[in-house]
Amino acid sequence: VHLFLMQLFVAVLIETFIVTEKTANGENMLTSSQKRWVDLQTRCILQSPRKKEEKKGPFRSRCFRIVESVYFDYFISLIVVVDTAFMVAQHLNQPEIITTLNLVGQFLFGGIYILEFALMFIAHGRSYFKSFRNLFNFFIVVIVIVSWI
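On a predicted model such as this, the values are computed, not experimentally measured, just so you know. (Residues numbered from 1 in each chain as written. Predicted model: local features only at pLDDT ≥ 70, side-chain atom pairs only at ≥ 80, totals over all residues. Heavy atoms only, no water.)

Quick word on the overall build of the protein chain
What the protein chain contains, in helices and strands, is six helices and zero strands. The order of helices and strands in the protein chain, counted from the N terminus, is α-α-α-α-α-α. Within the protein chain, buried positions represent 18% of all 149 residues. Of the contacts formed within the protein chain by residues at least 6 apart in sequence, a portion of 58% connects residues at least 24 apart. Carbon and sulfur atoms make up 69% of the accessible area of the protein chain, which amounts to about 12300 Å² in all. (Helix = DSSP H or I, 4+ residues; strand = E, 2+ residues; numbered from the N terminus. Buried < 20%, exposed > 50% of the residue type's maximum accessible area, 1.4 Å probe, protein only. Contact = heavy atoms within 4.5 Å. Areas by Shrake-Rupley, 256 points an atom, 1.4 Å probe, with all protein chains shown as cover.)

The following block contains the structure:
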(Lines give C-alpha, C1' and ligand atoms only; values in the text may rest on other atoms or scores of the structure.)
Protein backbone atom coordinates (compact mmCIF):
# COMPACT_ATOMS: atom_id res chain seq x y z
CA VAL A 1 0.00 0.00 0.00
CA HIS A 2 2.80 2.40 0.88
CA LEU A 3 4.57 1.72 -2.40
CA PHE A 4 1.36 2.34 -4.34
CA LEU A 5 0.75 5.67 -2.56
CA MET A 6 4.35 6.73 -3.16
CA GLN A 7 4.07 5.90 -6.88
CA LEU A 8 0.78 7.81 -7.08
CA PHE A 9 2.34 10.80 -5.32
CA VAL A 10 5.33 10.79 -7.72
CA ALA A 11 3.03 10.53 -10.76
CA VAL A 12 0.91 13.49 -9.58
CA LEU A 13 4.08 15.46 -8.84
CA ILE A 14 5.48 14.79 -12.35
CA GLU A 15 2.15 15.67 -14.01
CA THR A 16 1.97 18.91 -12.02
CA PHE A 17 5.53 19.76 -13.06
CA ILE A 18 4.74 19.19 -16.75
CA VAL A 19 1.57 21.32 -16.61
CA THR A 20 3.40 24.06 -14.72
CA GLU A 21 6.24 24.06 -17.24
CA LYS A 22 3.81 24.35 -20.16
CA THR A 23 1.97 27.17 -18.41
CA ALA A 24 5.22 29.03 -17.78
CA ASN A 25 6.13 28.76 -21.48
CA GLY A 26 2.59 29.65 -22.57
CA GLU A 27 2.48 26.44 -24.62
CA ASN A 28 -0.84 25.24 -23.29
CA MET A 29 -2.52 28.44 -24.54
CA LEU A 30 -1.41 28.00 -28.18
CA THR A 31 -3.39 26.29 -30.89
CA SER A 32 -1.67 23.60 -32.95
CA SER A 33 -1.11 26.00 -35.87
CA GLN A 34 0.39 28.58 -33.49
CA LYS A 35 2.70 25.92 -32.07
CA ARG A 36 3.84 25.05 -35.61
CA TRP A 37 4.45 28.76 -36.29
CA VAL A 38 6.54 29.12 -33.10
CA ASP A 39 8.48 26.00 -34.06
CA LEU A 40 9.13 27.39 -37.57
CA GLN A 41 10.31 30.73 -36.14
CA THR A 42 12.65 28.93 -33.74
CA ARG A 43 14.15 26.88 -36.57
CA CYS A 44 14.59 30.02 -38.72
CA ILE A 45 16.42 31.80 -35.93
CA LEU A 46 18.72 28.85 -35.30
CA GLN A 47 19.58 28.40 -38.98
CA SER A 48 22.81 30.05 -40.10
CA PRO A 49 22.72 32.50 -43.00
CA ARG A 50 23.73 31.33 -46.44
CA LYS A 51 26.94 32.57 -48.00
CA LYS A 52 26.75 34.73 -51.07
CA GLU A 53 27.67 32.99 -54.26
CA GLU A 54 31.23 33.45 -55.39
CA LYS A 55 31.81 34.93 -58.81
CA LYS A 56 33.29 33.10 -61.75
CA GLY A 57 36.94 33.33 -62.65
CA PRO A 58 39.91 32.90 -60.33
CA PHE A 59 40.80 36.61 -60.05
CA ARG A 60 37.22 37.73 -59.52
CA SER A 61 36.66 34.90 -57.05
CA ARG A 62 39.75 35.91 -55.08
CA CYS A 63 38.56 39.55 -55.01
CA PHE A 64 35.15 38.35 -53.81
CA ARG A 65 36.67 36.36 -50.93
CA ILE A 66 38.77 39.38 -49.94
CA VAL A 67 35.93 41.92 -49.90
CA GLU A 68 33.52 39.55 -48.14
CA SER A 69 36.07 38.87 -45.39
CA VAL A 70 35.34 40.32 -41.97
CA TYR A 71 38.99 41.44 -41.80
CA PHE A 72 38.51 43.58 -44.91
CA ASP A 73 35.59 45.34 -43.19
CA TYR A 74 37.69 45.85 -40.06
CA PHE A 75 40.57 47.23 -42.13
CA ILE A 76 38.36 49.69 -44.04
CA SER A 77 36.68 50.78 -40.79
CA LEU A 78 40.10 51.39 -39.23
CA ILE A 79 41.16 53.41 -42.28
CA VAL A 80 38.03 55.57 -42.01
CA VAL A 81 38.70 56.23 -38.31
CA VAL A 82 42.38 57.11 -38.91
CA ASP A 83 41.44 59.30 -41.89
CA THR A 84 38.91 61.12 -39.71
CA ALA A 85 41.59 61.63 -37.05
CA PHE A 86 43.87 63.14 -39.69
CA MET A 87 41.12 65.55 -40.76
CA VAL A 88 40.35 66.53 -37.16
CA ALA A 89 44.04 67.20 -36.47
CA GLN A 90 44.13 70.09 -38.97
CA HIS A 91 44.07 73.55 -37.41
CA LEU A 92 45.19 77.12 -38.03
CA ASN A 93 48.87 77.93 -37.67
CA GLN A 94 49.76 74.25 -37.56
CA PRO A 95 53.38 73.13 -37.85
CA GLU A 96 54.67 72.24 -41.31
CA ILE A 97 55.01 68.55 -40.35
CA ILE A 98 51.27 68.26 -39.68
CA THR A 99 50.50 69.89 -43.03
CA THR A 100 52.85 67.45 -44.76
CA LEU A 101 51.37 64.46 -42.90
CA ASN A 102 47.85 65.56 -43.85
CA LEU A 103 48.84 65.85 -47.50
CA VAL A 104 50.45 62.41 -47.47
CA GLY A 105 47.42 61.04 -45.61
CA GLN A 106 45.05 62.47 -48.22
CA PHE A 107 46.82 60.59 -51.00
CA LEU A 108 47.30 57.43 -48.94
CA PHE A 109 43.71 57.18 -47.75
CA GLY A 110 42.35 58.26 -51.14
CA GLY A 111 44.37 55.49 -52.76
CA ILE A 112 43.01 52.98 -50.27
CA TYR A 113 39.43 54.11 -51.00
CA ILE A 114 40.05 53.77 -54.74
CA LEU A 115 41.54 50.30 -54.19
CA GLU A 116 38.52 49.33 -52.10
CA PHE A 117 36.19 50.49 -54.88
CA ALA A 118 38.19 48.57 -57.50
CA LEU A 119 38.16 45.34 -55.48
CA MET A 120 34.46 45.65 -54.70
CA PHE A 121 33.57 46.43 -58.31
CA ILE A 122 35.63 43.52 -59.61
CA ALA A 123 34.08 41.19 -57.04
CA HIS A 124 30.45 42.23 -57.48
CA GLY A 125 30.33 43.62 -61.00
CA ARG A 126 27.40 45.87 -61.86
CA SER A 127 25.48 44.64 -58.81
CA TYR A 128 27.94 46.77 -56.80
CA PHE A 129 25.72 49.78 -57.50
CA LYS A 130 22.58 48.15 -56.04
CA SER A 131 23.69 48.92 -52.48
CA PHE A 132 23.31 52.42 -51.02
CA ARG A 133 26.48 51.89 -48.98
CA ASN A 134 28.40 51.13 -52.17
CA LEU A 135 26.88 54.14 -53.92
CA PHE A 136 28.09 56.31 -51.04
CA ASN A 137 31.57 54.78 -51.29
CA PHE A 138 31.58 55.42 -55.05
CA PHE A 139 30.58 59.04 -54.42
CA ILE A 140 33.53 59.38 -51.97
CA VAL A 141 35.91 57.92 -54.57
CA VAL A 142 34.67 60.37 -57.20
CA ILE A 143 35.21 63.26 -54.77
CA VAL A 144 38.72 62.02 -53.98
CA ILE A 145 39.63 61.83 -57.67
CA VAL A 146 38.13 65.27 -58.38
CA SER A 147 40.04 66.78 -55.45
CA TRP A 148 43.30 65.41 -56.85
CA ILE A 149 42.73 67.04 -60.25
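Focus on the packing of aromatic side chains
Inspection of every chain in the model, using the stated rule, returns nine aromatic pairs. Each ring, one from Phe 86 and one from Phe 109, has its centre 5.3 Å from the other, and the planes form 80°; the classification is edge-to-face. You can see Phe 86 sitting in helix α4 (residues 70–88) and its partner Phe 109 sitting in helix α5 (residues 96–124), a full 23 residues away along the chain. Judged by relative accessible area, Phe 109 falls into the buried class, the value being 4%. Residues Phe 121 and Tyr 128 carry aromatic rings whose centres are separated by 6.4 Å and whose planes lie at 85° to one another, so their mutual orientation is edge-to-face. The exposure class of Tyr 128 is buried, given its relative accessible area of 1%. By the ring-pair criterion, three or more aromatic residues cluster together here, those being Phe 117, Phe 121, Tyr 128, Phe 129 and Phe 138. (Phe/Tyr/Trp six-rings, centres within 6.5 Å; stacked < 30°, edge-to-face > 60°.)

Some thoughts on the packing of α5 against helix α6 (residues 132–148)
Between α5 and α6, the least distance of the axes is 10 Å, while the angle of their chain directions is 135°. Considering their axes alone, α5 and α6 lie oblique with respect to each other. As for how α5 packs across α6, the hand of that crossing is left-handed. Two secondary-structure elements touch here, α5 through Gln 106, Phe 107, Gly 110, Gly 111, Tyr 113, Ile 114, Glu 116, Phe 117 and Met 120 and α6 through Asn 134, Asn 137, Phe 138, Ile 140, Val 141, Val 144, Ile 145 and Trp 148. (Axes fitted to C-alpha atoms, helices over the stretch in contact; angles between N-to-C directions. Parallel < 35°, antiparallel > 145°, perpendicular 65-115°, else oblique. Left-handed = near helix turned anticlockwise from the far one by under 90°.)

With respect to the side chain of Gln 94
The residue Gln 94 is located in the loop between α4 and α5 in this model. In this structure the side chain of Gln 94 is engaged in a polar contact, spanning 3.0 Å, whose partner is the side chain of Thr 99. Beyond its immediate chain neighbours, meaning those up to four positions away, Gln 94 contacts Ala 89, Thr 99 and Asn 102. (Polar contact = N/O pair within 3.5 Å; in protein donor to acceptor, adjacent residues only side chain to side chain.)

Considerations on the layout of surface pockets
Of the volumes computed, that of the largest pocket is approximately 410 Å³. Asp 83, Met 87, Tyr 113, Ile 140 and Val 144 are the residues nearest the centre of the largest pocket, which is lined by 22 residues in total. Elements that contribute at least two residues to the lining of the largest pocket include exactly α4, α5 and α6. By residue number, the principal contributor to the lining of the largest pocket is α5, which donates eight residues. Here the residues of the lining of the largest pocket are counted per class, giving twelve nonpolar, eight polar and two charged. (1 Å grid on protein atoms, 1.4 Å probe; cavity = no way out; pocket = protein on both sides within 12 Å on 5 of 7 lines; lining within 4 Å. Points joined across faces, edges and corners; volume = space filled by probe spheres on them. Nonpolar A, V, L, I, M, F, W, Y, C, P; charged D, E, K, R; others polar.)

Remember, this is a structural readout, not a statement about activity or role.
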